[in-house]
There are 2 protein chains.
Amino acid sequence: MPAPLTIRMHERDNVAIVANDGGLPAGTVLPSGLVLVDKVPQGHKVALVDLAAGDAVRRYDVSIGTALRAIPAGSWVHERLLQMPAARGLDGLPIATVKPAPLPPLEGYTFEGFRNADGSVGTRNILAITTTVQCVAGVVDFALQRIRRDLLPRYPNVDDVVALEHGYGCGVAIDAPGAEIPIRTLRNIALNPNFGGEVMVVSLGCEKLQPERLLPAGTIPLGLERSAADVGTHAAQAFDLVCLQDDAHVGFMSMIDSIVATAEKHLERLNARRRETVPASELVVGLQCGGSDAFSGVTANPALGFCTDLLVRAGATVMFSETTEVRDGIAQLTARAATPEVAAALIREMAWTDAYLGRGEVDRSANTTPGNKLGGLSNIVEKAMGSIVKSGTATIAGVLPPGEKARHKGLIYAATPASDFICGTLQLAAGMNLHVFTTGRGTPYGLAQVPVIKVATRTDLARRWHDLMDLNAGRIADGDASIEDVGWELFRLMLDVASGRSKTCGEQLKLANALVLFNPAPVT
Amino acid sequence: MPAPLTIRMHERDNVAIVANDGGLPAGTVLPSGLVLVDKVPQGHKVALVDLAAGDAVRRYDVSIGTALRAIPAGSWVHERLLQMPAARGLDGLPIATVKPAPLPPLEGYTFEGFRNADGSVGTRNILAITTTVQCVAGVVDFALQRIRRDLLPRYPNVDDVVALEHGYGCGVAIDAPGAEIPIRTLRNIALNPNFGGEVMVVSLGCEKLQPERLLPAGTIPLGLERSAADVGTHAAQAFDLVCLQDDAHVGFMSMIDSIVATAEKHLERLNARRRETVPASELVVGLQCGGSDAFSGVTANPALGFCTDLLVRAGATVMFSETTEVRDGIAQLTARAATPEVAAALIREMAWTDAYLGRGEVDRSANTTPGNKLGGLSNIVEKAMGSIVKSGTATIAGVLPPGEKARHKGLIYAATPASDFICGTLQLAAGMNLHVFTTGRGTPYGLAQVPVIKVATRTDLARRWHDLMDLNAGRIADGDASIEDVGWELFRLMLDVASGRSKTCGEQLKLANALVLFNPAPVT
């Protein structure tokens, strides 16, 4: 039997988590001399001192709740023994009070990317077929098979063809408050750097989300290669449209022929592109965690946080998200805001989400899952502390409302729900060209639009899911690697994946999840 | 040039619609002697008399709005000339006042279906793989390709294998009011008669929607072929579960192998089934319209309404839906309710939707689309009158809240939003084994789970979309067929399609839309 191993996050914490696979039995003597009163599962908390009823249970140097009854030292501190604290109010927060010395620039790191006309850089070279409405999905799927079978082999520099399908576009209250979120999300996904500025749209014709509403004139920047004389007409040229209800379509195959022919024009242009060496500052990285456990905040997320600092030092854009998973750390975030305006934007997004959840008669505590709790996370406060750590230590340079496109470098809070699919979809809209996803319980999550690097929080998961996990941060808990080691490893892996030198596990297996839009407005 | 043709729905109407392809130019002399003042597009309304500002504009013998200014006879009455009336209140409605003589039974009509252990009948023999959460979709898609390629050819009596994928299952407020709707929807879809009672589930493991919450013990009826001795254990046996996070899974291919092996057990049982002759009363038909125009309420929906009466007379279950499209006809519906309880349930569903839309700061008028208006439908009142006619003349025997399973024969109001995909998904949950969809502007809508018969409202659409439309109701406007002719034709086509003798256009082309769940609760 390996030596008992527990992990305490901060010297003021009065609980630690059990790191050993399979947990530790009652009677185990810890190196400190403390004897376990209960069997404690892996990832779960043990009381390091005697706690009286009402005492704060501290992890990450914050109170994650108060003890509902006396808890003797050595006991298993599970969620049924904890009273969750109320969410901190949004008044009187510390505003931009943390003024760290600027992180030293990290120079000389590059990757091989596809430079776009608007200055952005793709990490993959993909033809995306934007759809205005779910109605066209069956036809687009048919055309997609044709394109992949008949055309793609003739354009070897193009990595893939994907259809941007979704449940939106009609049967929705398209003028209601909040409807702007799914609409701008779809618009900005069409403009993701991995699609090379080649925008083609398939519409039905009678739907609420008309193509010119989805992509109004001027949303697609004029390509650098086009002359100024084109300016007067670029709005009309900016995207190619196939409308199924066009009178010109006679029979199903005429629709397919239109889509395939339109796709070929774009494939020709995409195929002519070549990777070039660009600075690491061109990375736009979306961070997420899912299927979290108590190790998420101990291994993978701290390593990711270290890597976030490296990315910020290299001048890249890094987005962290998942509002319900940072809500309990709002005071940390407003303190870290670069300016009072950034702090105000953070508070605005939290307040919006509080109100949104309140209308549905829930609060941020609706976030946690059965798997989180099995994995040792007692409540949303504890989960949030482990989640927020992936944002590293940099100043928060900006806040992005859901569905909007990131326009600044540095660390950005991209406000999104915590649903893996909705968050990933919104980060795609924000312009993400690389995605990092940490997981404790394990998820085969993937996207067709950008590479997703998956990081395991535990060695057991990394071992069993050896062809689904790209990196094992569990070595930190095993004592085999430091947070810094894994952070640097992840940074280098990012550059490899961004360059196309490495493909992620998800890419190799072609695992992709659906786009799921965030639509806070009603359906009709 | 063909003779000018206009259609008036009721002798008290003061407008008629232009039926001619391409509309009619100003100066056209109608058979009545009326001269058109404006060019009037096809499907749009012409004033038959001089209307003063404030006069009611009548179509279907109801006021669809009041004239915003004086409108001379022969003018084009478009939506900008109309003030839409407020929605009728839900108090003081006529309750079960219409007591038509019962429709005479229609006997002797049968189809060839797959009889299930619970007594229901499938029109197709499909293996459905239920998923608890979007997380597993990439893995399930991979397995599905294997099953279709390697197994399906060996089980020729099985029509298809489909994955029931969706955006729900985690990242949602699963205990919020309204969350019961998506959960019971998924549960009841898994039990759709076309899946033969063979329920297999793929779950991740840590998701909020745990398999036992999706399918609690007792929801799957004990198969007739199983002995009473099984009763004690049937809950555990009722569905097969593959959980990706199970410790037994080592590597991606072990997950695929588990899914494929589980699928094969079910394919073996499904393959042993044979069609048998069953009465037409075993049909459970979901009615929908989408991409509606002014002809929807003149040709396809009246023919469908006639067919609805035939189905009710044959003892079948027929569901009409789309709450925002019947809201303006609530007085007709409560009057047609079989009992005061049914009328109360209708009012309850309308009130629920009024409140749901109100929370989003919209009302039922958010329903209409640009295509509806181009097609001549000025507002939701006019659209509703054309939509409701597909319910025929029978007494309304029951009301089904969204996501629940139909348990009664006869005409049922299945309360759903009007979104084509959400409505179709909810009708699948209700137990639909045949779907009829009328369209004016044209949509390639289809489902992988049940056959969808598509009916065109106009000959022009039926001609251009000859391989996408199963029936042309436009012949009614052309004067080439009566409503009764097309209604009978549709009834016979239904029996052919239900029997597998005919495949629909959508089935031949394998056109399928995504399941889209109705989740009125927040995401987290």
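Residues numbered from 1 in each chain as written. Chains lettered and ligands numbered in written order. Predicted model: local features only at pLDDT ≥ 70, side-chain atom pairs only at ≥ 80, totals over all residues. Heavy atoms only, no water.

**Some details on the overall build of chain A**
And then number 1: Scanning chain A for helices and strands turns up 15 helices and 21 strands.
And then number 2: At 24 Å, chain A has a C-alpha radius of gyration in line with the 24 Å of a compact globule built from 524 residues.
And then number 3: Projected onto its principal axes, the C-alpha positions of chain A cover 80 × 45 × 45 Å.
And then number 4: Per-residue burial over chain A gives 63% buried out of 524 residues.
And then number 5: Put simply, 73% of the contacts in chain A that link residues at least 6 apart link residues at least 24 apart.
And then number 6: If you sum the accessible surface of chain A, you get close to 17900 Å²; carbon and sulfur atoms cover 54% of it. (Helix = DSSP H or I, 4+ residues; strand = E, 2+ residues; numbered from the N terminus. Rg over C-alpha atoms; globule rule 2.2 N^0.38 Å. Buried < 20%, exposed > 50% of the residue type's maximum accessible area, 1.4 Å probe, protein only. Contact = heavy atoms within 4.5 Å. Areas by Shrake-Rupley, 256 points an atom, 1.4 Å probe, with all protein chains shown as cover.)

**Re the pairing of strand β11 (residues 160-164) of chain A**
Residue and element names in this part refer to chain A.
And then number 1: Burial analysis of β11 places 5 of its 5 residues in the buried class, the great majority of the element.
And then number 2: Residues of β11 alternate between two faces, with D160, V162 and L164 on one and V161 and A163 on the opposite face, all of them buried.
And then number 3: The pairing of strand β10 (residues 126-131) with β11 spans 5 bridges and is classified as parallel. By the bridge assignment for β11, I129 is matched with A163.
And then number 4: The handedness of the β10 to β11 crossover, carried by helix α1 (residues 137-151), is right-handed. (Pairing = 2+ DSSP bridges. Right-handed = clockwise from strand over helix to strand, strands pointing away.)

**Remarks on the interface of chain B and chain A**
And then number 1: Opposite the 66 residues of chain B that make contact, chain A presents 66 residues.
And then number 2: Buried surface at the junction of chain B and chain A, both sides included, amounts to about 5100 Å², of which 66% is carbon and sulfur.
And then number 3: Looking at the side of chain B facing chain A, the largest losses of area belong to R464, V523 and T524 of chain B, adding up to 12% of the total buried there.
And then number 4: Applying the counting rule to chain B against chain A returns 2 salt bridges. (Buried area = accessible area lost by both parts, 1.4 Å probe. Salt bridge = Lys/Arg side-chain N within 4 Å of Asp/Glu carboxyl O.)

**Comments concerning the packing of helix α2 (residues 180-190) of chain B against helix α11 (residues 420-429) of chain B**
Residue and element names in this part refer to chain B.
And then number 1: Orientation of α2 relative to α11, taken along the N-to-C sense of each, is 60°, at an axis distance of 7 Å. Here α2 is positioned oblique relative to α11, judged by the angle of their axes. Contacts between α2 and α11 involve T185, N188 and I189 from the first element and T425, L426, L428 and A429 from the second.
And then number 2: Counted by class, the contact of α2 with α11 contains 4 nonpolar, 3 polar and no charged residues. (Axes fitted to C-alpha atoms, helices over the stretch in contact; angles between N-to-C directions. Parallel < 35°, antiparallel > 145°, perpendicular 65-115°, else oblique. Nonpolar A, V, L, I, M, F, W, Y, C, P; charged D, E, K, R; others polar.)

**Section: unusual backbone geometry**
All names here are of chain A.
And then number 1: The backbone phi angle of E322 is positive, close to 70°, even though this residue is not glycine.
And then number 2: By secondary structure assignment, the location of E322 is in the loop between β16 (317-320) and α7 (330-336).
And then number 3: Look at E361: it is not a glycine, yet its phi comes out positive at around 65°.
And then number 4: Along the chain, E361 turns up in the loop between α8 (340-359) and α9 (370-374).

**What about the sheet that holds strand β17 (residues 396-400) of chain B?**
Residues and elements named next belong to chain B.
And then number 1: Within the open sheet, the 7 strands sit side by side as β17-β18-β16-β15-β19-β20-β21. Their pairing is parallel. Whereas interior strands pair on both sides, the edge strands pair on one side only; in this sheet they are β17 and β21 (471-472).
And then number 2: Examined bridge by bridge, β17 and strand β18 (residues 410-414) share 4 bridges and lie parallel to one another. Looking across to β18, one finds that V399 is bridged to Y413.

**Some remarks on the packing of helix α6 (residues 300-313) of chain B against helix α14 (residues 483-498) of chain B**
All names here are of chain B.
And then number 1: Closest axis-to-axis distance for the α6/α14 pair is 8 Å, and the angle between their directions is 55°. Taken as axis vectors, α6 and α14 run oblique relative to one another. In this structure, α6 meets α14 at a crossing whose hand is right-handed. Contacts from P302, A303, L304, F306, C307, L310 and L311 in α6 reach I483, E484, V486, G487, W488, L490, F491 and M494 in α14.
And then number 2: Here the residues of the contact of α6 with α14 sort into 13 nonpolar, 1 polar and 1 charged. (Left-handed = near helix turned anticlockwise from the far one by under 90°.)

**Focus on the side chain of T416 of chain A**
Residue and element names in this part refer to chain A.
And then number 1: Within the secondary structure, T416 sits in the loop between β18 (410-414) and α11 (420-429).
And then number 2: Given a relative accessible area of 4%, T416 falls into the buried group.
And then number 3: Dropping the residues within four chain positions of it, T416 is found in contact with S321, E322, T323, C423 and L426.

**Details of the side chain of T425 of chain A**
All names here are of chain A.
And then number 1: Positionally, T425 belongs in helix α11.
And then number 2: At a separation of 2.7 Å, a polar atom in the side chain of T425 contacts the main-chain carbonyl oxygen of F421.
And then number 3: Leaving out residues up to four positions away in the same chain, T425 has contacts with T185, I189, A514, L515, V516 and L517. (Polar contact = N/O pair within 3.5 Å; in protein donor to acceptor, adjacent residues only side chain to side chain.)

**A look at α1 of chain A**
And then number 1: Here α1 of chain A spans 20 Å end to end across 15 residues, near enough to the 21 Å set by a 1.5 Å rise per residue.
And then number 2: Regarding α1 of chain A, the residues found buried are A137, G138, V139, V140, F142, A143, L144, I147 and L151 of chain A.
And then number 3: Buried-residue contacts for α1 of chain A involve β10, β11, β12 (200-203) and α5 (252-271) of chain A together with α15 (505-509) of chain B. (Expected span 1.5 Å × (residues − 1).)

**Comments concerning the relation of the copies chain B and chain A**
And then number 1: Take chain B, turn it by 180°, move it 0.0 Å along the axis, and it overlays chain A with an RMSD of 0.0 Å. The superposition operator between the copies reduces to a two-fold rotation axis. Among all residues of chain B, the one whose C-alpha sits closest to the rotation axis is R359 of chain B, at a distance of 4.1 Å.
And then number 2: Both copies contact each other with a shared surface, as 100% of the interface residues of chain B are interface residues in chain A too. (Least-squares fit on C-alpha atoms with pLDDT ≥ 70 in both.)

**Focus on the packing of aromatic side chains**
Each aromatic ring pair is described using two quantities: the centre-to-centre distance and the angle formed by the ring planes.
And then number 1: For the structure shown, the criterion picks out 20 aromatic pairs over all chains.
And then number 2: Look at Y109 of chain B and W488 of chain B: their rings are 6.0 Å apart centre to centre, the planes differ by 45°, and that puts the pair in the tilted class. Of this pair, Y109 of chain B sits in the loop between β7 (82-83) and β8 (110-115) while W488 of chain B sits in helix α14; the two residues are 379 residues apart in sequence, bridging distant segments of the chain.
And then number 3: A relative accessible area of 25% means that Y109 of chain B is categorised as partly exposed.
And then number 4: Residue W488 of chain B is classed as partly exposed on the basis of its relative accessible area of 21%.
And then number 5: Between the aromatic rings of Y356 of chain B and F518 of chain B, the centroid separation amounts to 5.4 Å while the plane-to-plane angle is 90°, which identifies the pairing as edge-to-face. With Y356 of chain B in helix α8 (residues 340-359) and F518 of chain B in the segment after α15, this residue pair connects regions lying 162 residues apart in the sequence.
And then number 6: Judged by its relative accessible area of 10%, Y356 of chain B falls in the buried class.
And then number 7: With a relative accessible area of 4%, F518 of chain B lands in the buried category.
And then number 8: Among the aromatic side chains, those forming a connected cluster through ring pairs are Y109, W488 and F491 of chain A. (Phe/Tyr/Trp six-rings, centres within 6.5 Å; stacked < 30°, edge-to-face > 60°.)

**Some thoughts on the pattern of salt bridges**
Residues and elements named next belong to chain A.
And then number 1: Scanning the entire structure with this criterion turns up 54 salt bridges over all chains.
And then number 2: The partner of E198 in a salt bridge is R269, and the shortest N-O contact between them spans 2.8 Å. Within this pair, whereas E198 is found in the loop between α2 (180-190) and β12, its partner R269 is found in helix α5, the two being separated by 71 residues in sequence.
And then number 3: As a salt-bridge pair, K390 and E322 come within 3.3 Å of each other at their nearest N and O atoms. Here the residue K390 occupies a position in the loop between α10 (380-388) and β17 (396-400), and E322 occupies one in the loop between β16 and α7, the gap between them amounting to 68 residues.
And then number 4: By relative accessible area, which is 0% here, E322 ends up buried.

**Thoughts on the confidence of the model for chain A**
All names here are of chain A.
And then number 1: Mean pLDDT over chain A stands at 94; residues scoring 70 or higher make up 97%.
And then number 2: Confidence drops under pLDDT 50 across residues 224-237; counting only partners more than four residues distant or on other chains, this segment forms 9 contacts.
And then number 3: On the interface metric, ipTM, the complex scores 0.95, and its pTM is 0.95. (pLDDT = per-residue confidence, 0-100.)

**Considering the sheet that holds strand β4 (residues 56-59) of chain A**
And then number 1: Strands sit in the order β4-β5-β7 (chain A) across an open sheet of 3 strands; the sheet is antiparallel. A strand with exactly one partner marks an edge of an open sheet, and here the two such strands are β4 and β7 (82-83) of chain A.

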